[in-house]
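Examining the three-dimensional arrangement
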Amino acid sequence: MHRVFPLLVSRLTMGLAILLTLACVPVVGMTEATAASATEADLQTGLILLKQKRFAQKAEGVDALANSGDTLARSLLEALLNGRLFERKSDGLLVFVDTRGAELRIEDVLTGEMLEPIKKRQLRKIGINNALRTRIRAALATFDLSDPDPAVRLVAVNQMLDTLDPETTERLRGYLASESDPTVRDAMISAIHLANLSADDPALRLAAVEGLSGNLQPAVRNGLVALQSSSDDPELGAAVNEVLNGIDLRIQLYGLAETVFFGLSLGSVLVLAAIGLAITFGVMGVINMAHGELIMLGAYTTYVIQQLMPNAVGLSVLISIPAAFLVAGLVGILIERGVIRFLYGRPLETLLATFGISLILQQAVRSIFSPLNRSVATPDWMSGSLEINSVLSLTLNRLYILLFCFLVFSALYLILKRTSLGLQVRAVSQNRAMARAMGVRSARVDALTFGLGSGIAGVAGVALSQLTNVGPNLGQAYIIDSFMVVVFGGVGNLWGTLVAGLSLGVANKFLEPWAGAVLAKILVLVFIILFIQKRPRGLFPQKGRAAEG
Amino acid sequence: MKRSFSSTAAAACLSIAALSGSLTAAAQDTIKVGVLHSLSGTMAISETTLKDTMLMLIDEQNKKGGLLGKQLEAVVVDPASDWPLFAEKARDLLEKDKVAAVFGCWTSVSRKSVLPVFEELNGLLFYPVQYEGEESSKNVFYTGAAPNQQAVPAVDYLMNDIGVERWVLAGTDYVYPRTTNKILEAYLKAKGVAEEDIMINYTPFGHSDWQSIVADIKKFGSEGKKTAVVSTINGDANVPFYKELGNQGVSAEDIPVVAFSVGEEELSGLDTGPLVGHLAAWNYFMSVDSEINDEFITAWQGYIGSEDRVTNDPMEAHFIGFNMWVKAVEKAGTTDPTAVQDAIIGVSVPNLTGGWATMMPNHHITKPVLIGEIQADGQFETVWETPGLVVGDAWSDYLDGSKDLMADWMMPLSCGNYNVKTGKCSGQNM
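Residues numbered from 1 in each chain as written. Chains lettered and ligands numbered in written order. Predicted model: local features only at pLDDT ≥ 70, side-chain atom pairs only at ≥ 80, totals over all residues. Heavy atoms only, no water.

Residue and element names in this part refer to chain B. The antiparallel open sheet is built from three strands, whose spatial order is β17-β18-β19. Unpaired on one side and paired on the other, β17 (405-408) and β19 (424-425) mark the two borders of the sheet. In the sheet, β17 pairs with strand β18 (residues 415-419) via three bridges, with the strands oriented antiparallel. Bridging from a neighbouring strand, M406 pairs with Y418 of β18. (Pairing = 2+ DSSP bridges. Helix = DSSP H or I, 4+ residues; strand = E, 2+ residues; numbered from the N terminus.)

Taken as a whole and assessed by the stated rule, the structure comprises 25 aromatic pairs over all chains. Taking the centre distance of 5.3 Å and the plane angle of 75° together, the rings of A:F281 and A:F483 count as edge-to-face. Taken together, the residues span a long stretch of sequence, with A:F281 in helix α11 (residues 234-283) and A:F483 in helix α19 (residues 476-489) at a distance of 202 residues. The buried category is assigned to A:F281, whose relative accessible area is 15%. Relative to A:F531, the ring of A:F527 has its centre 6.0 Å away and its plane inclined at 40°; by these criteria the two rings are tilted. Within this pair, A:F527 and its partner A:F531 are both found in helix α21 (residues 517-534), separated by four residues, close to a single helical turn. For A:F531, a relative accessible area of 16% corresponds to the buried category. Cluster of aromatic residues (ring-pair linked, three or more members): B:F103, B:F126, B:F141, B:F322 and B:W325. Residue placement shows A:R432 over the ring face of A:Y344; its charged tip is 5.6 Å from the ring centre. Positioned above the aromatic ring of B:Y202 is the side chain of B:R178, whose terminal nitrogen or guanidinium carbon lies 4.0 Å from the ring centre. (Phe/Tyr/Trp six-rings, centres within 6.5 Å; stacked < 30°, edge-to-face > 60°. Buried < 20%, exposed > 50% of the residue type's maximum accessible area, 1.4 Å probe, protein only. Lys NZ or Arg CZ within 6 Å of the ring centre and 35° of its normal.)

So, about the sheet that holds strand β4 (residues 114-115) of chain A. All names here are of chain A. The strand order β4-β3-β2-β1-β5 describes an open sheet built from five strands, whose pairing is antiparallel. The open sheet has two edge strands, β4 and β5 (123-125), and neither has a second partner. Strand direction decides the pairing type here: strand β2 (residues 94-98) and strand β3 (residues 105-108), joined by four bridges, are antiparallel. Residue pairing for β3: V95 is matched across the bridge by D108.

With that out of the way, let us pick up the state of the cysteines. Residue and element names in this part refer to chain B. Tallying each qualifying case throughout the model produces one disulfide over all chains. Paired by a disulfide, C415 and C425 hold their sulfur atoms 2.0 Å apart. Taking the sign of the torsion about the S-S bond as the criterion, the disulfide between C415 and C425, at about 95°, is right-handed. Linking C415 in strand β18 with C425 in strand β19, this pair joins segments that are ten residues apart in sequence. By relative accessible area, C425 is classed as partly exposed at 33%. (Disulfide = S-S within 2.5 Å.)

All names here are of chain B. Positive phi is not limited to glycine here, since A80 has a value of about 55°. Topologically, A80 is positioned in the loop between β2 (71-77) and α3 (83-95). Unusually for a residue other than glycine, K98 sits at a positive phi of about 55°. One can find K98 in the loop between α3 and β3 (101-104). On the basis of relative accessibility, which here comes to 62%, the residue K98 falls in the exposed class.

This part covers the packing of helix α15 (residues 396-418) of chain A against helix α20 (residues 494-515) of chain A. Residues and elements named next belong to chain A. At a minimum axis separation of 11 Å, α15 and α20 run at an interaxial angle of 165°. Relative to α20, α15 is oriented roughly antiparallel. In terms of crossing hand, the pair formed by α15 and α20 is right-handed. The residues of α20 that touch α15, namely those facing F406, F409, L412, Y413 and L416, are L494, W495, L498 and L502. Here the residues of the contact of α15 with α20 sort into nine nonpolar, no polar and no charged. (Axes fitted to C-alpha atoms, helices over the stretch in contact; angles between N-to-C directions. Parallel < 35°, antiparallel > 145°, perpendicular 65-115°, else oblique. Left-handed = near helix turned anticlockwise from the far one by under 90°. Contact = heavy atoms within 4.5 Å. Nonpolar A, V, L, I, M, F, W, Y, C, P; charged D, E, K, R; others polar.)

Further remarks concern the pattern of salt bridges. When their charged atoms lie close together, side chains carrying opposite charge are able to pair. All chains considered together, the criterion is met by 36 salt bridges over all chains. Sharing partners across several salt bridges, the network here consists of A:R398, A:K509, A:E512, B:D209 and B:E244. (Salt bridge = Lys/Arg side-chain N within 4 Å of Asp/Glu carboxyl O.)

Structure follows, in structure tokens:
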């Protein structure tokens, strides 16, 4: 078994090293303690323990730092949580490292002095695990209870719900007296009620149960459920039941609202992807299989713009919207002028030709940007969620995309109904010969219409870059869905596309928990096929002469 | 002469080989090594890196004087992510180019496609990726992890060290996740986990709308018992999945996700901020602190000419597989496949985590199992590892069909699926 040997030896040497450093801890502590306060000693112990390899020792280090109450301890813990705390391999010096720039910025933890930049592999990161992360957050939460910002205090209180013990409850009681913000006060009172659920005094327990009525925190519900099964006091049991029923009813209601939101947001993505197609396919009658790739181009435009301005993520996304419109629109016009205009009235050939174009565009992107997916950063104001309460939160990126979808729809609607281009587009699509007789240059209108539809696809790409992978295959995933929405909504009708997209999204989300993601999609597809049998022209059929033609 | 990632003993052997090599007249001709990785199509993302790894390893070996006094020559072919083409290219490599060994394949379906070719022509294939097990061929050497070297230890870690009581098994809908989840479900039930504490969910390839699934996981996990997600979600779909987890505020401290197909290479394409603390189970991490790993990373980044390129687990598997083959050829004194098949069993070479990998009689190797947490810089921090090495198990002990089967390619058994109950070799994978 000679193979096990090296491993064993390395273990032994490691253990020895730890023992030696541990032996040094009290010595350092004492020599420092003669000169400085106990805070300083805690801090020093914490620093040494943090550098150990074992997570258990690091945890002791975190506790020592938290106990020290030093301001440096707080920034140390934050850096540790954010992965910015490193040890210099050459001399074991603890440093803060900022890796964001091209060159590493290295700062001595104790003196705050900037050090000579060195290579990343010459530094060893102080690694943490989930258990430590929880501990650090709890430690930071106690710092946060005295934060001037009430929102931070509220988060800190809710953070403590899961790890309530007599000590933290006592601390909370202390803070409650001086708390001025009513929301934070309520949260603190709830936390104390929650702790009281396990009190010995029955009256106190009953008061706590009643005080928690309508509270939606998962920890509260779990506490009540635990009490329900363990308690043998009938009066208390009845009270717990009543409160729990009230909570469950509210959770169900909010669950329904959540599903509707999920459905609308899925629907808004479908509408965004399909609305450009509603113009090219719906209004012009061109089956454009490269529509998905135009979406992809929009997403890649976002990526390129973000590479050009790496320090302004939010601004770059905003600039990408017109840029993606232009890029995808120009490519669209190029496709129309170069290929499609020779194939009007021959749908099968158009289908094959545009399918070929879609493959060319995909391979072009592979060659230029590599087959690897590109990462597009999400701006801060689009990450996270709008928390309405602890069971219902609306994710911000989806919320913005829902709003964006309505914006794009209104803009497109206005262009078609209120501008002279829109008038000409409608004229050409309804009766080409008559429009030409009235002096409309139908070739130019065709190119511009196709450009408009393609440009909108590009804009959809910007939205999708915030939700999913930006890669060469991005477009393929959306082409089928887009056709589905346009056909279901009624060819040539923008309102139809909007209603169809949103209702398909909501239907999908209501089916999903019940049938699973794969089956839900199949069911929706089957429904559309049946629906088209009954109403071949979709939800909102186009009326008039063009429809018959 | 700079010695790179090789034990002193191996280097001594090599210098002798080099010495004799320079004296032999036959130094003119070369030994051919086939590299069968997709360089175009959907799998090019992952496989191109492995092709470069092989070229680097062959280059390094040649700098050390080659093998048996001859220089090695890489024959690179592109099966273009097209499974039938894999079989054709494999046949070309073995019949036309007469390669001594082939290093290649990524997906299980590509391996299944070339398997008959290698068995018919008696070639050697080194397969570097973690897979679902339930196979052992005389002609294939599995240098990636079997389920008992990745999935099962990861579940053990979550159960014993994190105290997880409720399980979400989420996967993409195809063979590897389905087989792995079947094994895990049987394993969890054997450990006494109740039916209602296991939630299984499959999604289509490239699934991008994870809202309701993440909301379900959140609900499933908020009922008081510690919950974890075991993810066999494939490639692309992971990005929107983790994004949705982050946006809905599911942090790794509340509900950790342990993934089996997310490595350094996959993470290099995305913003890891919201992923910090989620887990992955592998047999190697780039962040592993060992001298041999530092040398390997330096050599790789030097070869590829970029300090941003990462190393990952399948690269280590090729590193191990290649060195094992080299050692076996030296031991056998020839590149003849049958001689190498006999010689390679029992061969040990250093792995990159500071331990040793040994080729076992079932053509799987010994590996340490590491669990790592994703860090903000896209690297993994090892939080747990198996105390010793784990031997790869070709046939799972937790599935009805395969628990009585074993593989042993040494005489007198020489069988890939010997049934210990009936005492018969069923003949599959012979």
